[in-house]
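Structural overview for review
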Amino acid sequence: MSATPSDHAARTVIIDCDPGTDDAVALWLALASPELNVALVTVAGGNVGLSRTLANARAIVGLSGREVPVVAGADRPLLGAFQAEERVHGTDGLGGVRLPEGPAPQPGIAADAIRDLLRDAPPESVTVVGIGPATNLALALATEPALANRVAEFVLMTGALSEGNWTVAAEFNAAMDPEALALVLASGRPVSLVTLDLTAQALVTAERIATLRGLCDGECLRACCDIMASVPTSRRLGHRGHPLHDPCAIAWLLAPELFTVQEVAVQVECGSGIGRGRTHIDRWGRSGLPPQAKFLDRLDADGFFRLLGERLPRLP
Ligand code: RIB
Ligand code: CA
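Residues numbered from 1 in each chain as written. Chains lettered and ligands numbered in written order. Predicted model: local features only at pLDDT ≥ 70, side-chain atom pairs only at ≥ 80, totals over all residues. Heavy atoms only, no water.

On to the site of ligand 1. Taken together, 13 residues sit near ligand 1, with Asp22, Asn165, Glu171, Asn173 and Asp246 positioned nearest. Contacts to ligand 1 include Asn47, whose side-chain N or O atom sits 3.0 Å from an oxygen atom. A distance of 2.6 Å separates an oxygen atom of ligand 1 from a polar side-chain atom of Glu171. Considering ligand 1 on its own, with 270 Å² of exposed area, one finds that the protein chains cover 97% of that surface. When atom positions are compared with the pocket grids, ligand 1 is found to occupy the largest pocket. Of all the elements in the fold, those that place two or more residues in the shell around ligand 1 are helix H1 (21–31) and helix H6 (172–176). For the shell around ligand 1, a count of residues per class yields three nonpolar, five polar and five charged. (Near = heavy atom within 4 Å. Polar contact = N/O pair within 3.5 Å; in protein donor to acceptor, adjacent residues only side chain to side chain. Areas by Shrake-Rupley, 256 points an atom, 1.4 Å probe, with all protein chains shown as cover. 1 Å grid on protein atoms, 1.4 Å probe; cavity = no way out; pocket = protein on both sides within 12 Å on 5 of 7 lines; lining within 4 Å. Sits in = over half its atoms within 2 Å of the grid points. Helix = DSSP H or I, 4+ residues; strand = E, 2+ residues; numbered from the N terminus. Nonpolar A, V, L, I, M, F, W, Y, C, P; charged D, E, K, R; others polar.)

Right, let's get into the environment of Leu156. Within the fold, Leu156 resides in strand S5 (residues 151–157). Judged by its relative accessible area of 3%, Leu156 is buried. On a C-alpha basis, the gap between Leu156 and Val128 in space is 8.3 Å, while along the polypeptide they are 28 residues apart. Sequence-distant contacts of Leu156, defined by excluding residues within four places in its chain, comprise Gly130, Leu137, Leu181, Val184, Val191, Ser192, Leu193 and Val194. (Buried < 20%, exposed > 50% of the residue type's maximum accessible area, 1.4 Å probe, protein only. Contact = heavy atoms within 4.5 Å.)

This brings us to helix H4 (residues 110–119). The element H4 is largely enclosed, with a buried count of seven among its 10 residues. Taken together, the buried positions of H4 are occupied by Ala110, Ala111, Ala113, Ile114, Arg115, Leu117 and Leu118. Packed against the buried residues of H4 are strand S1 (11–17), strand S2 (36–43), strand S3 (70–72), strand S4 (126–130), helix H5 (135–143) and S5.

Let us now look at the layout of surface pockets. Within this model, the largest pocket holds a volume of roughly 680 Å³. Among the elements that line the lining of the largest pocket, the one with the most residues is H1, at four residues. Class assignment of the residues belonging to the lining of the largest pocket gives a composition of 13 nonpolar, 11 polar and 10 charged. Considering only enclosed or pocket space, the second largest pocket measures out at about 230 Å³ in volume. As for the second largest pocket, its lining consists of 13 residues, of which Ala55, Asn56, Val97, Arg98 and Leu99 are closest to the centre. For the lining of the second largest pocket, a count of residues per class yields six nonpolar, two polar and five charged. (Points joined across faces, edges and corners; volume = space filled by probe spheres on them.)

Right, let's get into the pattern of salt bridges. Within the structure shown, the criterion is met by 19 salt bridges. With a shortest N-O distance of 3.4 Å, Glu86 and Arg52 are connected by a salt bridge. With Glu86 in helix H3 (residues 86–89) and Arg52 in helix H2 (residues 50–64), the pair connects residues that are 34 residues apart, well separated along the chain. With a relative accessible area of 34%, Glu86 lands in the partly exposed category. Residue Glu179 pairs with Arg276 through a salt bridge whose shortest N-O separation is 2.8 Å. In this pair, Glu179 sits in helix H7 (residues 178–185) while Arg276 sits in the loop between strand S9 (259–268) and strand S10 (279–282), placing the two residues 97 residues apart along the sequence. Assessed through its relative accessible area of 22%, Arg276 is described here as partly exposed. Because the salt bridges share partners, they merge into one network encompassing Asp112, Arg115, Asp116, Arg119 and Glu144. (Salt bridge = Lys/Arg side-chain N within 4 Å of Asp/Glu carboxyl O.)

Right, let's talk about the packing of H1 against H2 for a bit. Contact geometry of H1 with H2 gives a least axis separation of 10 Å together with a crossing angle of 35 degrees. Of the two elements, H1 crosses H2, and the hand of that crossing is right-handed. Contacts between H1 and H2 involve Ala24, Leu27, Trp28 and Leu31 on the former and, on the latter, Ile60, Val61, Leu63 and Ser64. Split by residue class, the contact of H1 with H2 holds seven nonpolar, one polar and no charged. (Axes fitted to C-alpha atoms, helices over the stretch in contact; angles between N-to-C directions. Left-handed = near helix turned anticlockwise from the far one by under 90°.)

Turning our eyes to something else, we now look at the sheet that holds S3. Strand order in the open sheet formed by nine strands is S3-S2-S1-S4-S5-S6-S11-S9-S10, and the pairing between neighbours is mixed. Each edge of the sheet is formed by a strand with only one pairing partner; in this case those strands are S3 and S10. If you compare each strand with its neighbour and ignore which way they point, the axes differ by 30 degrees on average. Lying over the sheet, helix H11 (residues 247–254) contacts S1, S2, S4, S5, strand S6 (191–194), S9 and strand S11 (293–299), oriented at roughly 145 degrees with respect to S5. (Pairing = 2+ DSSP bridges.)

In total, this model carries three aromatic pairs according to the counting rule given. When the ring of Phe304 is compared with that of Phe305, the centres are 5.1 Å apart and the planes differ by 75 degrees; the resulting orientation is edge-to-face. Across this residue pair, the class does not change: Phe304 and Phe305 are buried. (Phe/Tyr/Trp six-rings, centres within 6.5 Å; stacked < 30°, edge-to-face > 60°.)

Next comes the structure, spelled out in structure tokens:
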């Protein structure tokens, strides 16, 4: 397991999300981990519409007891129309699990809040975690490109080496806003890529939920387990459970030893063809492009769920 939290200074983190059942677990994991200073949570309409993803983000942060500004962002992609994924997340975005209303959102819009935070930060000091469509991140970077040098690393749950989960070709976050993803990939800053191929190894099963549920009776852990239990098993993964996507991006920051990594060159397909949102991940230098991302390849799944079990009970 990673070094004890007190060993290192906390890492400043922005989390851009679209809660979303797995976003909820990711946010609670981050908020439970003293290694991370979650300085800002920004929200996009993604899994469900922005009015619901924003309310969900506020409620998730509120239940954690942590005082973190939550700021609303884009309710649609840069191009194209908004599409929801209610089959996985339910119409409310949290699988029908009702949380107490959270604190009011911070006024303003996400892209401005991201830029304001980066502008006041030292070079290469802020880790930006993107676990929804990358629209807010792209808007921030496109408006003030020079601020990219304040970013230490983008950690993105996006894309797929193999088949998609939204179209045959594309993973949901990448498919919702491929132009935004292309802008972030072109930022020149280090990118760590958490794809469907990695998250398929983080399989939530009834047994794993039961193990977590038995650890404590905290409200956040209980809600976490109820939310995970609401998600249908994945037919793509043979109904062996469902992949816990977004928390893998947080786990990379907390316990990188749980992962193997490969340097890759990644491109995302834009345009209107059947490949829209496809991430072309070059692991062997066939594209002639220089690697610009870390592809998180293998996951120690048991270690990952142990990490969840070690951290989530720390919350109220
Ligand atoms: O494809 C999975 C990703 O899309 C996750 O981030 C999920 O929350 C949705 O945003
Ligand atoms: Ca998400």
